[in-house]
Amino acid sequence: MLSGTPVVAGVAYAPVMWPGPRPELPGPGEPPADVEAECDRFAAATVIVADRLRVRASAGTGVASEVLSATAALAEDRGWVGAAQKLIRAGSPAPNAAVDATEQFAAVFTKLGGLMAERVTDLMDVRDRVLAELAGDPEPGLAQPTSEVILFADDLAPADTSGLDPSMVRGLATRFGGPTSHTAIIARQLGIPCVVAVADLTAVPAGTPVMLDGTAGTVTLGCDADDARAQVAESLRQSELVSRWTGPGRTADGVEVSILANVQDGASARTATDFPVAGIGLFRTELAFLDRAAEPTVAEQTTLYREVVDAFASDSGAHTAKVVIRTLDAGSDKPLLFADQGTEANPALGVRGLRIAFADPGLLDRQLDAIALAAQATGGSPWVMAPMVATAAEARGFAAKVRERGLTAGVMIEIPSAALLAPAILAEVDFVSIGTNDLTQYTMAADRMSSELAGLTDPWQPAVLTLIDRVASSGAQVGKSVGVCGEAAADPLLSCVLVGMGVTSLSSAPAAAAGVGAALADVTLAQCQAAARAALATADPAAARLAAAEALHA
Ligand code: PEP
Ligand code: MG
């Protein structure tokens, strides 16, 4: 059994297909006789490649189409084309220049890390397409399978993934890539069970029947065909349940769990109402202001917060749905121009989130004033929480400001110190919400954007589960609500474990709500508790997933 990072749930059983080889890289060549003509030949190839990608983009829809348009833009990127032409003018033939310019850019992308690093695969795909075009060869890429397959690859380029036919490609596994790679994004859109970052994938030859489990993050070889088909059938039964689930969130024995949405502005809040969610568990206010050079006025902020609070008002205008607003989490991966901290050696550990208010309390005060005004104007009572809280004193200070304005105060638990101090922090606030994305990053000392570290930035890491358990049981002891609003709350199996630990609400991308709700509706609280105990008793994420799944369905 091979393990990786699960990205799209579901089980598939079929023979492996590997994509065909990429174009061969050119050996050393003679300097071109006419460098300007060679520059033109190169530029013409990039235009053809970009045009073909754009044609595919316009034939596709949604994320797949956006991703293809972005790749087309990469093919014509002035910096990349310019770098290659500079090499041609220095004596490189066009194919060699394409390879060397790509290497330069890939090094820069890799150094930038995060999302940029994940775009290296796209750049390599553009390079290969340009090489094929220069050589007069057909476009490289995937052949369309004629029978059901599980597609294995190092990583898939957008142009490959966008043309995938889910009725033939039943599962996807890649050696590289993280949960935000294009393979993952497109697999999610197409609903193809997917596991990324699977080491040792290359050891499995084409044609080998394998079972891929996108929930557990495993690829199993040599399994019994009947057993595998039974598991596929069970996974299809689950997806039926998911498509029929309409809420509200509760376990099979009636324990209520709020299933909520993460939003970032009025429009996304209104879109969330199309999904079976009971309200908003995390409004990331900073995301609404990423393009703002100056701090929005209190009046502007009030308008925005009113829009979000109003999105979940009932037809009669009553505001009974839960709405949790998070104060600005600026800094690190979400820099805001008007709350800029200058260059920090280590921004993820720097002045971000609530810490910005230490030196500039006015920013927080004005935001809280705007939230209070929005509450008054709508008649709603949003809960307000602070990000990146490390100590009980910080929680106390924040809660005082929130309560002065007549609002309900909470904090996020996303720093290990806050999880360890959960009882002391819970004593200061009305509720907490666990940000598992950052809690995992800081517990494992692994950048959440790094695809290389995807195995560590996994909320199933038992160390992370142990901290969550501590927070959830501390909340249960004092009868205060403990939510989870990181990506962990989008994982149906993990959601059952979280509820078993005592978590009372789960908030994530609204598209995940039905999967989570249906999983909870299928099990009792006692089963969730058994799954939590089983996961907590393990020493690695793969074992935790397996143990939880077994305990849940025992
Ligand atoms: C988290 O860290 O889990 C979280 C929900 O906050 P963000 O992803 O916005 O940092
Ligand atoms: Mg966070």
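Because the structure is predicted, anything quoted here is derived from the model rather than measured. (Residues numbered from 1 in each chain as written. Chains lettered and ligands numbered in written order. Predicted model: local features only at pLDDT ≥ 70, side-chain atom pairs only at ≥ 80, totals over all residues. Heavy atoms only, no water.)

### A word on the UniProt feature "domain: PEP-utilising enzyme C-terminal" (unreviewed entry) in the protein
Taken from the UniProt record, the annotation "domain: PEP-utilising enzyme C-terminal" (unreviewed entry) applies to residues 248–521. Across residues 248–521, the secondary structure splits into 41% helix and 14% strand, with the terminal C-alpha atoms separated by 9 Å. (UniProt positions renumbered as here; feature names shortened; annotations may be inferred. Helix = DSSP H or I, 4+ residues; strand = E, 2+ residues; numbered from the N terminus.)

### Let's talk about the coordination of the magnesium ion (ligand 2)
Around the magnesium ion (ligand 2), the protein contributes the donor atoms Glu414 (OE) and Asp438 (OD), which lie 2.0 to 2.2 Å from the metal centre. Taken together, the positions of Glu414 in the loop between strand E13 (408–413) and helix H15 (416–420) and Asp438 in helix H17 (residues 436–444) put the pair 24 residues apart, joining distant regions of the chain. (Donors = N, O, S within 2.8 Å, 3.2 Å for Na, K, Ca; no water.)

### Points about unusual backbone geometry
With an omega dihedral of -5 degrees, the bond running from Gly247 to Pro248 counts as a cis peptide bond. Along the chain, the position of Pro248 falls in the loop between helix H9 (225–244) and strand E9 (258–263). Although it is not a glycine, Ala197 sits at a positive phi angle of roughly 55 degrees. Checked against the element boundaries, Ala197 lands in the loop between strand E6 (194–196) and strand E7 (209–213). Here Ala197 falls in the partly exposed class, since its relative accessible area comes to 24%. Its identity is not glycine, yet Ala445 carries a phi of approximately 50 degrees, on the positive side. (Buried < 20%, exposed > 50% of the residue type's maximum accessible area, 1.4 Å probe, protein only.)

### A look at the site of ligand 1
Arg284, Arg326, Lys334, Asn437 and Arg448 are the nearest of the 14 residues found near ligand 1. Contact with the protein chains hides 99% of the accessible area of ligand 1, taken as 290 Å² for the molecule alone. Those elements that place two or more of their residues in the shell around ligand 1 are strand E10 (279–284) and H17. Here the shell around ligand 1 takes three residues from H17, the largest share from any one element. (Near = heavy atom within 4 Å. Areas by Shrake-Rupley, 256 points an atom, 1.4 Å probe, with all protein chains shown as cover.)

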